[in-house]
Structures are given as structure tokens and as C-alpha cells.
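Listed below, chain by chain, are the residues.
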Amino acid sequence: MLHTLRTLFLRSFIFFAVVLSGQAQAEGMQEMQNALRTCQTEFAADASRRLICFDKVAEQYTPTRVVPPILAPSQQELVKSVGAETGYLSRKWHLNSQDELHFTDLETHQLNYLVTAYSNNPNDVPTSPSRPNTQDRGLGHNDLHFQISLKTQLMNLSDWLPKNQWVQSARLWGAYTQQSFWQVYNEEQSRPMRDHNYSPELILSLGLNKPAEENSWLNAMPNMLNVGLMHESNGRSQPLSRSWNRVYLQGGWQLSERYSLLVRPWWRIPESKSDNDNPDISKYMGYGDAILRWDNEANTTAASVTLRNNMRSDNKGYVKFDVQYKPLKSESVRFYAMLASGYGVSLLDYNQAQTMFGIGFAVGE
């Protein structure tokens, strides 16, 4: 009788243990699926951070044990930790050679934004040494200003790299940027488009390996190097036509988890005298630019400053400050404010100084 009761007790215990274990495993599987869905949603536009998020989920949910949910109470913590592990340059240019991208994976190149803008000195009579003009456009001070900027990977050249200690990734990108200035508030002039700037680019981006030694002089080398070919024009007929072509070399330094620096010298490709819409553009736009960027720890706020200068005694330059803030849960839509002053706010205004302030919304980084 005692043996029978003991057997019955053991069988009951095993039965309930199996049931509870199966229930726990099912709950763990559901939690893992929820975690993966969160990674997919939060980082839909960022393959690099999405893969890191997947790895974190895999580490938490192993087949040998079931752990408490990591996302139910702390989705923000997971997103925050993933964002902190990838600096801005790695996120933007996929410096990890293992990041898988396809031609159809469109990503932001420069910032995409829509702002209501005010200019203190609109260029009513744009002119250049080769394109004289006397027509007054009667512009207002306010624009609806927007920028669309996208890029896609044309080729991943990382597998073609010879084995070396310097370059870890190589990608060929195609990019397109368009800036538009719409006089939507200028009813007197029938709300004209003040200017469009079109800029296609071809970019070879190299992710570089920095040495592990802290005191090595090689630590000053950039984390990435871009070699680019850029065309920029406004698609207007004479005398308002403006255009130029450039070759540039851009170095990128991830100074810390929060700060990054981009420095880009360029060389203008010469044009014939008859085709040159703006022969003195380098005098005003200079020979390069530099961008210093800061991101907060949670990647909800970012600020940057862009500088240009012609490096001459007349000191014609340009400076732009902008701030992005993510007030909503959406990973991509952000509040955006910008303040730009100097020469070259638009291509048509390359030789007229003005100050422009805008406020609105941005998409991406």
C-alpha cells in the first residue's frame, strides 16, 4: 500500500512538473517572439542596431533555461542599450562588414526635414559674374523649406578586400539629396518655388580599424573614410542656372559614444568658361566643411554644428546649428530646429549672405 501511494505521488509530481515546464517554455517562447518584434519595430530603418538587438534577445532566451521577460517592463532599456553600443558613424555608414544590406534598402543620407523658415535677407536679384541678372523676384522672408536625402548600397566590397589590419569594410553607395525652398506664404507672387537644389552622389565608404594601443599615434586616424563624387545644380535656365561638380575625401572620427566629427575637403572639377554658371563659387563656398555632432545617451536628442570657410583674408563662411528631439515613441520622426548664417544657404544664394531660422519635423538622423 505504501509503495503504491509513493508511486502515485511520484507520477503526479512528474505530471505537474512536465505541465508547468511546458507552460513556462511556452511563456518564454512568447516573450522571445515579443522581444524580436520589438527589435524589428524599433529599428526597422537601422539594420546594424536591429542585428544587435536580435543578439541581445538570443543571449537572454537560451534553450537551456527560461528567464523572466526582458521587454514587458523594460522595452526602453533594451532600445537604449542597443543604441548606446553603436556610435553614430557605425549606424550611419554600416562600418561593420557583417551588416547585410540590399539595393532596395533605402536609408537616410543627410537629414530629411520639413520646416517653416524665415530669412532675413532673401535674394531678390540673384546674379553671378558669368550670369548677369536684373529681374527682381519680389521674394518674401518666409519659406516652406524641405530636404529629401536618401542613399542605398550599390555594392558590398568587404569580401573583396585583401586581408589587412587597416580596412574592415568597404561599401559603394549611391545617394540623392534635394533641397527645396517654397514661397508658400507669398500670395502676391502666386506662391512660387524659390529654388530647388539637386545633388546625386557616388560614395565609396571604408570602415577603418584603429589600433588597440591607447598611446599609439595611429589612434588619431579616422574610424571611416569616404571618397565621393558629387554633382549639384538647381535645374534653372539662364540667368538663374547654378551648378558645380566636386570630388571629396571625408574622414569620420567617433570621438566618444556621444560625439562624432566629420571633416570633408573637396576639389571642384573645372568647367569651360561658357558652361561655368558660377566661376567664383569656391570664393564663397570654400574648399570643404566640418560637422561636429552630439547624441544623448538614450538617442532621443541630437545636436550638430556645420562649418565652412573659404580660408581667405576676406573670411567668407557659413555656420549652421541644428537640434533634433524625439518626443514620440516613433524611432524616426523628430522635432527639428535649425539656424544657418552665411553664404550658400541655397545654391542660387551662394554669393549672398543671409541668416535663416527654421522649425518643423525631421525623419531619420
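This section reports on the structure supplied with the text. (Residues numbered from 1 in each chain as written. Predicted model: local features only at pLDDT ≥ 70, side-chain atom pairs only at ≥ 80, totals over all residues. Heavy atoms only, no water.)

**A look at the overall build of the chain**
So, step 1. In terms of regular secondary structure, the chain is built from five helices and 13 strands.
So, step 2. Buried residues in the chain amount to 45% of all 365 residues.
So, step 3. Sequence-distant contacts in the chain: of pairs separated by 6 or more residues, those separated by 24 or more amount to 61%.
So, step 4. Surface exposure of the chain reaches about 19,400 Å², of which carbon and sulfur atoms provide 60%. (Helix = DSSP H or I, 4+ residues; strand = E, 2+ residues; numbered from the N terminus. Buried < 20%, exposed > 50% of the residue type's maximum accessible area, 1.4 Å probe, protein only. Contact = heavy atoms within 4.5 Å. Areas by Shrake-Rupley, 256 points an atom, 1.4 Å probe, with all protein chains shown as cover.)

**So, the packing of aromatic side chains**
So, step 1. The final tally for this structure, using the stated rule, is five aromatic pairs.
So, step 2. Measuring from ring centre to ring centre gives 5.9 Å for W93 and W173, while their planes differ by 85°; the resulting arrangement is edge-to-face. Of the two residues, W93 sits in helix α4 (residues 88-93) while W173 sits in strand β4 (residues 167-182), which places them 80 residues apart along the sequence.
So, step 3. A ring pair is formed by Y284 and Y350, whose centres lie 5.8 Å apart and whose planes are at 80°; its orientation type is edge-to-face. (Phe/Tyr/Trp six-rings, centres within 6.5 Å; stacked < 30°, edge-to-face > 60°.)

**Remarks on the side chain of S119**
So, step 1. If you trace the backbone, S119 turns up in strand β2 (residues 112-119).
So, step 2. Residues contacting S119, with those up to four places away along its chain left out, are H141, Q354, T355 and M356.

**Side note on the pattern of salt bridges**
So, step 1. One pass over the structure, following the stated rule, counts 12 salt bridges.
So, step 2. A salt bridge links D143 to R194; the shortest N-O distance between them is 2.7 Å. Of this pair, D143 sits in strand β3 (residues 142-156) while R194 sits in strand β5 (residues 193-208); the two residues are 51 residues apart in sequence, bridging distant segments of the chain. Assigned by exposure class, D143 and R194 land together as buried.
So, step 3. R293 serves as the salt-bridge partner of E365, at 3.5 Å between the closest nitrogen and oxygen. In this pair, E365 is assigned in the segment after β13 (354-363) and R293 in strand β9 (residues 288-295), connecting sequence segments 72 residues apart. The same class applies to E365 as to R293, namely buried.
So, step 4. Sharing partners across several salt bridges, the network here consists of R91, R293, D295 and E365. (Salt bridge = Lys/Arg side-chain N within 4 Å of Asp/Glu carboxyl O.)

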